[in-house]
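Survey of secondary and tertiary structure
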Amino acid sequence: MTFLAFPFYWMVITAFKANQDLYNTENNPFVFNSPPTLRHLSVLFEDTQYLQWLLNTGFVGVAVVIITLVLAVPAGYALARMAGAWAQTLGVTIFLTYLVPPTILFIPFSRIIAIVGLQDSVWSLILVYPSFTVPFCTWLLMGFFKAIPRDLEDAAMIDGLSRFGAFIKVVMPISVAGILTAVIFAFTLVTQEFVYGVTFITASSSYTVSVGVPTFLVRGDVYFWGSMMAACLIASVPIAVIYNFFVARFVAGFTMGAIK
């Protein structure tokens, strides 16, 4: 537990350390040798558009998660219920598209973004990010749906439900853990992405946190470590809270999807 909490402790202590304490190599780096300061937070919120970056990140993350679920849930279910070895091959092929490096794809994607006129807009990210969240979540949900016995759906259809009705009323409630796993993974992948964000957006007001923080808080060889740690802490705490509250469901969804 101490090992896992140490990065957060390091971010907190760095965010509130005065510069003379932070850069003095003779000081103990794990404690406050000088009184704490709010100067780094002041720089973060007054000299940058950090709040706007947080809003952009949240908006893009929620939009991409919705698109991902709309596409990945039915795709994963269809692949899980298909018969034959080729269905498994198709699922693996879809997952392999997730492994294609962004550095290869950002050039053709930039051409598409230019054609549809979405340069310098968060909508360009909403258009592109599902290219890697959908394949991964489809593969993840496919394994989870395979773990759900078909007998449950057959029984529901005998009782009068259609296949779609059985999927909505029987499969979906059982699949909450797997769907939550896909949501957490998709949102985390989106908030950490850098290459597409820095390629498609040049207006600072449209940056996400992962692009805005290194762009404005790293100036040449000068690193604003205190402000950077404060920015990382504020952005990472909500995700850490989500993981903490839903860790049991998260582990259940991830492991159940891996047993078949």
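Please refer to the structure higher up on the page.
Here's what I pulled together on the structure shown here. (Residues numbered from 1 in each chain as written. Predicted model: local features only at pLDDT ≥ 70, side-chain atom pairs only at ≥ 80, totals over all residues. Heavy atoms only, no water.)

Here we take up the overall build of the protein. Regarding its fold elements, the protein presents 15 helices and 2 strands. The C-alpha extent of the protein, read off along each of the three principal axes, is 75 × 50 × 30 Å. Sorting the 260 residues of the protein into buried and exposed places 39% on the buried side. Carbon and sulfur atoms make up 71% of the accessible area of the protein, which totals about 13900 Å². Averaged over its 11 positive side-chain charges, the protein has a centre that lies 11 Å from the centre of its 11 negative ones. (Helix = DSSP H or I, 4+ residues; strand = E, 2+ residues; numbered from the N terminus. Buried < 20%, exposed > 50% of the residue type's maximum accessible area, 1.4 Å probe, protein only. Areas by Shrake-Rupley, 256 points an atom, 1.4 Å probe, with all protein chains shown as cover. Lys, Arg positive; Asp, Glu negative; His and termini not counted. Charge placed at Lys NZ, Arg CZ, Asp CG, Glu CD.)

Now for the side chain of Ser-227. As for its placement among the helices and strands, Ser-227 is situated in helix 14 (residues 225-245). Taking the relative accessible area as the measure of exposure, Ser-227 reaches 1% and is therefore buried. Setting aside chain neighbours within four positions, we find Ser-227 in contact with His-40, Val-43, Leu-44 and Leu-217. (Contact = heavy atoms within 4.5 Å.)

Our focus in this paragraph is a nonpolar patch on the surface. A surface patch of nonpolar side chains, amounting to about 440 Å² of accessible area, comprises Phe-6, Tyr-9, Trp-10, Phe-30 and Val-31. As for its placement among the helices and strands, Tyr-9 is situated in helix 1 (residues 2-15). Taking the relative accessible area as the measure of exposure, Tyr-9 reaches 39% and is therefore partly exposed. (Patch = residues over 30% accessible without salt bridge, like charges linked within 9 Å, V, L, I, M, F, W, Y side chains within 5 Å. Salt bridge = Lys/Arg side-chain N within 4 Å of Asp/Glu carboxyl O.)

With their axes 10 Å apart at the nearest point, helix 13 (residues 209-217) and helix 14 run at an angle of 170° to one another. When the axis of helix 13 is compared with that of helix 14, the two are roughly antiparallel. Residues Val-209, Val-213 and Leu-217 of helix 13 lie in contact with helix 14, whose contacting residues are Ser-227, Met-228, Ala-231 and Ala-235. A per-class count over the contact of helix 13 with helix 14 returns 6 nonpolar, 1 polar and no charged. (Axes fitted to C-alpha atoms, helices over the stretch in contact; angles between N-to-C directions. Parallel < 35°, antiparallel > 145°, perpendicular 65-115°, else oblique. Nonpolar A, V, L, I, M, F, W, Y, C, P; charged D, E, K, R; others polar.)

Just distances and angles here, no functional claims.
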